[in-house]
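Listed here are the chains, written in short residue letters.
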Amino acid sequence: MNKTLRRPVIAGNWKMNMTPSKAKALISELAPKVEGKNECDIVLCVPFVDIAVAKEAAEGTNIKIGAQNVHFAKSGAYTGEIAADMLVEAGAEYVVIGHSERRQYFGETDETVNLRTKAALEGGLKVILCVGELLSQREQGITAEIVSLQTKIALQGVTAEQMKNIIIAYEPVWAIGTGKTATADQAEEVCAIIRGVIAGLYDDAVAKATVIQYGGSMNAANAAELLSREDIDGGLIGGASLKSEDFSIIVSAAN
Ligand code: PEP
């Protein structure tokens, strides 16, 4: 019942794949496959240099463009970083923040995730905020605690009004890029826990309105079952978003 209040979001995370010319080709291939599938938002989070080309290729389609990271300062001496207004001007509407690969390889912490989240919101971007436990944490039985803490720290200082522009992506780290998908029960359980955390931080209305995605080896074969669950409102998809056919099947599952 509450699920029907939320519009699913199917987002592709291309990671460090696709040159601008390949981006253009993939979007041209994908666009007719997802045409008319308007019961969900379709987003492609692409490398920075692909944003402008991707935006142009997606013009007139139902595909929206996002980035994969943003810095928390507005401008300044941060060599190699990128600011929210640069992303917006290039054509990004969304940004992924706190992906486990950034936490694992690039020193991202809950605190920097929070700073980036606030900067992205202030800059007019919609945020896909990633949280998720390591395999060792799941085995220790502390998944709920880890994911709750990540969510609480990431959302410090984010207002109820700004929550309209926040999507939470529950991504168990052990399921990302591994081909091991969480079962629908496991994914649903944690997405429901996250919704409870949001209810505690804000109220029931905000919790019921917040889109919570599952991510971690979601593919054409398992998407429908995952997306059928009450608290799973979409997907953040890595590998399968690089294949137009597979990604379009996932979009169809959300329709
Ligand atoms: C991701 O990059 O967020 C992701 C879930 O990747 P994959 O679908 O390849 O596991």
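What you are looking at is a predicted structure, and each value in this text was computed from that prediction instead of being measured. (Residues numbered from 1 in each chain as written. Predicted model: local features only at pLDDT ≥ 70, side-chain atom pairs only at ≥ 80, totals over all residues. Heavy atoms only, no water.)

Trainee: An account of the overall build of the protein is requested, with residue identities and associated values reported.
Mentor: Counting its secondary structure elements, the protein contains 11 helices and 8 strands. In summary, the protein has a C-alpha radius of gyration of 17 Å against a globular reference of 18 Å for 255 residues, a match within 12%. Expressed as lengths along the three principal axes of its C-alpha atoms, the size of the protein is roughly 45 × 45 × 35 Å. Across the 255 residues in the protein, those meeting the buried criterion constitute 52%. Of the contacts formed within the protein by residues at least 6 apart in sequence, a portion of 72% connects residues at least 24 apart. (Helix = DSSP H or I, 4+ residues; strand = E, 2+ residues; numbered from the N terminus. Rg over C-alpha atoms; globule rule 2.2 N^0.38 Å. Buried < 20%, exposed > 50% of the residue type's maximum accessible area, 1.4 Å probe, protein only. Contact = heavy atoms within 4.5 Å.)

Trainee: Account for the pairing of strand β6 (residues 166-170), with residues named and values stated.
Mentor: Counting buried positions along β6 gives 5 out of 5 residues, so the element sits mostly inside the fold. What you see with β6 is no split at all: Ile-166, Ile-168 and Tyr-170 on one side and Ile-167 and Ala-169 on the other are buried throughout. Bridge count between strand β5 (residues 126-131) and β6: 5 bridges; the pairing is parallel. Residue pairing for β6: Cys-130 is matched across the bridge by Ala-169. Pairing of β6 with strand β7 (residues 211-215), which is carried by 4 bridges, proceeds in the parallel orientation. The partner of Ala-169 across the bridge, within β7, is Gln-213. (Pairing = 2+ DSSP bridges.)

Read these as layout, nothing more, since geometry by itself doesn't imply function.
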